[in-house]
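Chain residues, written in single-letter form:
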Amino acid sequence: MTVTQHQSAALYERHRAVLPSWLATYYREPIELTHGEGRHVWDAEGNRYLDFFGGILTTMTAHALPEVTKAVAEQAGRILHTSTLYLSRQMIELAEQVAQLSGIPDAKVFFTTSGTEANDTALLLATGYRRSNQVLALRNSYHGRSFSTVGITGNTAWSPTSLSPLQTLYVHGGVRDAGPYAHLSDGEFITACVADLEDMLGQAQGTVAALIAEPIQGVGGFTQGPDGLLAAFKRVLDRHGILWISDEVQTGWGRTGDHFWGWQAHGQAGPPDLLTFAKGIANGMSMGGVVARAEVMDSLGANSISTFGGSPITTAAALANLRYLLENDLQGNALRTGAVLRERLAEACVDLPVVHQLRGRGLMLGLALSDAEAASATLEHARELGLLVGKGGRSGNTLRIAPPLSLTEAEAREGADLLIEALRRAGAQRE
Ligand code: PLP
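Quick notes on the rules
Residues numbered from 1 in each chain as written. Predicted model: local features only at pLDDT ≥ 70, side-chain atom pairs only at ≥ 80, totals over all residues. Helix = DSSP H or I, 4+ residues; strand = E, 2+ residues; numbered from the N terminus. Expected span 1.5 Å × (residues − 1). Buried ≥ 20, exposed ≤ 12 C-beta atoms within 10 Å, placed from the backbone. Contact = placed C-beta atoms within 7 Å. Axes fitted to C-alpha atoms, helices over the stretch in contact; angles between N-to-C directions. Parallel < 35°, antiparallel > 145°, perpendicular 65-115°, else oblique. Left-handed = near helix turned anticlockwise from the far one by under 90°. Nonpolar A, V, L, I, M, F, W, Y, C, P; charged D, E, K, R; others polar. Core = buried A, V, L, I, M, F, W, Y, C linked by C-beta atoms within 7 Å.

Colleague: Residues and numbers for helix H12 (residues 409–430), please.
Modeller: Between the first and last C-alpha of H12 there are 32 Å, a value that for 22 residues agrees with the 32 Å anticipated at 1.5 Å per step. Listed as buried for H12 are Glu411, Ala412, Gly415, Ala416, Leu418, Leu419, Ala422, Leu423, Ala426 and Gly427. Those residues of H12 hidden inside the fold are in contact with strand S3 (48–51), helix H10 (330–349), strand S11 (355–361), helix H11 (372–385) and strand S13 (387–388).

Colleague: Describe in detail the packing of helix H4 (residues 89–102) against helix H9 (residues 312–327), supporting the description with residues and values.
Modeller: Two elements in contact, H4 and H9, have axes whose closest approach is 9 Å; the angle formed by their N-to-C orientations is 40°. Put simply, H4 runs oblique to H9. The handedness of the crossing between H4 and H9 is left-handed. Every residue of H9 that contacts H4 at Gln90, Met91, Glu93, Leu94 and Gln97 is listed here: Pro312, Thr315, Ala316, Ala318, Leu319 and Leu322. Taken together, the residues that form the contact of H4 with H9 break down as 7 nonpolar, 3 polar and 1 charged.

Colleague: Describe the packing of helix H6 (residues 186–203) against helix H7 (residues 229–240), naming the residues involved and giving the relevant values.
Modeller: Orientation of H6 relative to H7, taken along the N-to-C sense of each, is 25°, at an axis distance of 9 Å. Comparing their axes, H7 and H6 come out roughly parallel. Of the two possible hands of crossing, H6 and H7 adopt the one that is right-handed. Residues Ile190, Cys193, Val194, Leu197, Glu198 and Leu201 of H6 pack against Leu229, Ala232, Phe233, Val236 and His240 of H7. Tallied by class, the residues present in the contact of H6 with H7 amount to 9 nonpolar, 1 polar and 1 charged.

Colleague: Could you give an account of the environment of Gly270, with specific residues and numbers?
Modeller: Here Gly270 shows up in the loop between strand S8 (243–247) and strand S9 (274–277). Between the alpha carbons of Gly270 and Arg235 there is a distance of 9.7 Å; along the sequence they are 35 residues apart.

Colleague: Talk me through the nonpolar core; I want residue IDs and the actual numbers.
Modeller: Counting 111 residues, the largest nonpolar core has Ala126, Ala210, Leu211, Leu274, Leu387 and Val389 as its most contacted members. Tallying contributions element by element places H9 first for this core, with 9 residues. Residues within four places of Val389 in sequence aside, it is in contact with Phe52, Phe53, Leu379, Ala382, Leu399, Arg400, Ile401 and Leu419.

Colleague: Tell me about H9, and name the residues and values.
Modeller: Residues that lie three or four places apart on an α-helix share one face, since the helix turns once every 3.6 residues. Here H9 contains 16 residues, and its C-alpha end-to-end distance of 22 Å stays within 8% of the 22 Å for a straight helix at 1.5 Å per residue. Most of H9 sits inside the fold, with 13 of its 16 residues counted as buried. Positive backbone phi, at 45°, marks Asp329, one or two positions downstream of H9.

Taken by themselves, the reported measurements are silent on function.
What follows is the structure, given as structure tokens:
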């Protein structure tokens, strides 16, 4: 299938006139998406695309999932919003489920409206609990766009110079394809990163509050340290009483196939102290949240509220979405279809010099290309072929594949073939 070229130039003109210049968009001529179903979306001109980016990892189960649509419509017919000042049966029910799923003992949950706000809250809790504004984060990290979360975002393409209230110490751990860390074995890499962490702690002045880390770096290009790295970190952190915050905004809910949470690939030292989530929990409605041990969660020492966090409409969507995910074992599906996708891509990539590395796990796969131009060209070709994928990485050279978790094996094969063709076209363009 070849998609007709989009003619939304006038709309894009209006977009640029009134929206910030730094609001990132994809494609030379950005697409106006109007509706979706299952794993597909349509643009304003009727072109259909296989969505290999799941919105932006926000469509966790499927586009227009009838169970979620029904739950949202029924809730909208009753009442859109009340407030956390009143009891909400479904917020309590969702908190019970998320607390139990999190693996954190004696857990409590606070709902927010985004991943940024979830990480902000985690920072507020951790720095208050530890009485310190010193935080450890990984190089190449992305944790949000607020005043405090840009201060823990090591990926400089996404962290404008800001006078962050935090003192952040960046440690190695997410990226393995550069510098002196590139050719180390898993064990050697873990040893080197732990040494870096110890070194940073030696440079810290007084108490350090927390280490925040994405188990697989999302915006950073689906890069990750070896399994067990964060457990090795945790053993050091525990000696100092430093809290571990696992940012599961992209890695949660079974997307990685082999685990329900990204931290579980590092679980030998036990669960994190805090866990943050957002993106797909409500299948695209604005919901995020923090899970923390009760002692940490309850330590705030002042009243707080989120006017829209945990609202009836988003919790209705999240409960229906989570029920569908668990009843249909979409984690198992991510493992199966991710393997199909990976195998097909791995086979073809051998003959594609533009591809440097295939990485990630489950339905969170990254293809590191030779450079950012190759990634942009592939994105354009994939679009012409009717496939949407994401982009990222330290230098913008990585394609990010993260379809809804209900992807079928046939769609996995179809999408892989479309992507391979797009990569061929991008490669041919450079010869
Ligand atoms: N943390 C991670 C790992 C993310 O990938 C993102 C967004 O991409 C965020 C936090 C921020 O979430 P939001 O865009 O919902 O504020």
